[in-house]
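Fold and contact review
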Amino acid sequence: QTQATISDEIDQAISTFIAHLLTVKRLSKHTGSAYRADLHKLATFCASHNCHSIAAIDTALVRQFAATLNRKGMSAASIQRSLSSIRSFFAYANQHLREKVSTVNYNPADGVRAPSGVKKLPVTLDVDQLKALLDQQQNSRHKATDREKSLSNKNMLALRDQAMMETFYAAGLRLAELANLDITDIDQAEGLVTVTGKGNKQRLVPIGSIALKAIKAWLAVRENLAQPEQTALFVSTHGQRISHRAIQQRLKLAGQQLDQQQHLHPHMLRHSFASHLLESSGDLRAVQELLGHANLSTTQIYT
């Protein structure tokens, strides 16, 4: 075995951990891939330092690994994420893998911190910009393709896009949360939306009458697009649940049509929701709950 080769022990332990995240914790495949990439970098680093067992990975080696990432130009946020992955892995290994591999009684990633970095403030739209965006979607029917014209004289895609943007902003949703919405998640009578967030955690978020009106207008024409038995609230021209990429492209197009062009992306609407709500209410805890943040420190950047 050469120094550059990851040991079977570490490789198999990582695979077992990732399987645990996907099946037990029910994290997304995308999140699982991010964990795997972080841990594979650590495993490769360990192999290059002649470390081939979990028990041999100590705090000094993890700290050295973080310093190496810093020298390679990785951002502080990315290094912190990588260290978080490593902490989670060792917490799992110490608890669940003791019978299979030799582990240690402590977490070698505890106490290791990434170099402090400058926190970038979220980019938001101010209230006037946001009103201009949503009014533009409501009052105009942007140039439709022949395919769009054939679907409806009212341009169903414009109605869908209007409903998506209103819902993004009204509920402060992440991209995946909006794409995963089903029709049954909208309670029009109570003005609530059931949101499935990270880690499959659900939360109830109130949405206002304007967003509900836009959703109702979209639902009136949705059946002309959606395939039978399709449960998704928002669908593509093919009648399937709309993809993340398609949502991003539609927002980008809407941003380009503003008088002052904006590079509009889903998280900008979420950031705007949080900033405007915090400005008007001053209730950081409430904003945390509505955004689905596990830690208050994540929400504090909006202050």
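Residues numbered from 1 in each chain as written. Predicted model: local features only at pLDDT ≥ 70, side-chain atom pairs only at ≥ 80, totals over all residues. Heavy atoms only, no water.

Re the overall build of the protein
Check the secondary structure of the protein and you find 13 helices and three strands. The buried share of the protein, taken over its 303 residues, is 44%. Across the protein, the fraction of contacts at a sequence separation of at least 24, relative to all contacts at a separation of at least 6, is 60%. About 16600 Å² of surface is accessible on the protein, with carbon and sulfur atoms providing 49% of the total. (Helix = DSSP H or I, 4+ residues; strand = E, 2+ residues; numbered from the N terminus. Buried < 20%, exposed > 50% of the residue type's maximum accessible area, 1.4 Å probe, protein only. Contact = heavy atoms within 4.5 Å. Areas by Shrake-Rupley, 256 points an atom, 1.4 Å probe, with all protein chains shown as cover.)

What to know about unusual backbone geometry
Across the chain, the bulk of peptide bonds are trans and the bulk of non-glycine residues have phi less than zero. Within the chain, Arg26 stands out as a residue other than glycine whose phi angle is a positive 60 degrees. For Arg26, the location among the structural elements is in the loop between helix 1 (8–23) and helix 2 (29–48).

Some points on the sheet that holds strand 1 (residues 186–187)
Within a sheet, neighbouring strands are paired by backbone hydrogen bonds and run either parallel or antiparallel to one another. Pairing is antiparallel in the open sheet, where three strands are placed in the order 1-2-3. Either end of the sheet is taken by a strand with one partner, and the two such strands are strand 1 and strand 3 (202–206). Across two bridges, the pairing between strand 1 and strand 2 (residues 192–196) is antiparallel. Residue pairing for strand 2: Ile186 is matched across the bridge by Val193. (Pairing = 2+ DSSP bridges.)

Considering the packing of aromatic side chains
Applying the stated criterion across every chain, the model contains five aromatic pairs. Ring centres of Phe17 and Tyr92 lie 5.5 Å apart, and the angle between their planes is 50 degrees; this geometry places the pair in the tilted category. With Phe17 in helix 1 and Tyr92 in helix 4 (residues 76–96), the pair connects residues that are 75 residues apart, well separated along the chain. Between Phe45 and Phe65, the ring centres sit 5.4 Å apart and the planes meet at 55 degrees, which makes this aromatic pair tilted. In this pair, Phe45 is assigned in helix 2 and Phe65 in helix 3 (residues 59–71), connecting sequence segments 20 residues apart. On the accessibility criterion, Phe45 (10% relative accessible area) is buried. (Phe/Tyr/Trp six-rings, centres within 6.5 Å; stacked < 30°, edge-to-face > 60°.)

Brief notes about the pairing of strand 3
Of the two faces of strand 3, only the one carrying Arg203 and Val205 is buried; Gln202, Leu204 and Pro206 on the other face are not. Alignment of strand 2 against strand 3, held across five bridges, turns out to be antiparallel. Bridged to Val195 within strand 3 is Arg203. As consecutive antiparallel partners, strand 2 and strand 3 are separated by five residues, and within that stretch Gly199 has a phi angle of approximately 70 degrees, a positive value.

Points about the packing of helix 7 (residues 156–171) against helix 9 (residues 209–222)
Contact pair helix 7 / helix 9: the axes reach a minimum separation of 8 Å and the direction vectors enclose 150 degrees. Considering the angle they form, helix 7 stands roughly antiparallel to helix 9. Every pair of crossing elements has a handedness; the one defined by helix 7 and helix 9 is left-handed. Facing helix 7, whose interface residues are Met156, Leu159, Arg160, Gln162, Ala163, Glu166, Thr167 and Ala170, helix 9 presents Ile210, Ala211, Ala214, Ile215, Ala217, Trp218 and Val221. Tallied by class, residues from the contact of helix 7 with helix 9 come to 11 nonpolar, two polar and two charged. (Axes fitted to C-alpha atoms, helices over the stretch in contact; angles between N-to-C directions. Parallel < 35°, antiparallel > 145°, perpendicular 65-115°, else oblique. Left-handed = near helix turned anticlockwise from the far one by under 90°. Nonpolar A, V, L, I, M, F, W, Y, C, P; charged D, E, K, R; others polar.)

Description of the environment of Thr237
With respect to the helices and strands, the residue Thr237 is situated in the loop between helix 9 and helix 10 (244–256). You can call Thr237 partly exposed: its relative accessible area is 24%.

Side note on the packing of helix 7 against helix 10
Relative orientation of the contacting elements helix 7 and helix 10 amounts to 95 degrees, with a least axis distance of 11 Å. Taken together, the axis directions place helix 7 and helix 10 in an arrangement best described as roughly perpendicular. On helix 10, the residues that touch Leu157, Arg160, Asp161, Met164, Met165 and Phe168 of helix 7 are Ile247, Arg250, Leu251 and Ala254. Residues that form the contact of helix 7 with helix 10 fall into these classes: seven nonpolar, no polar and three charged.

With respect to the environment of Leu157
On the secondary structure map, Leu157 appears in helix 7. The sequence separation of Leu157 and Val221 amounts to 64 residues, and the corresponding C-alpha distance is 9.5 Å.

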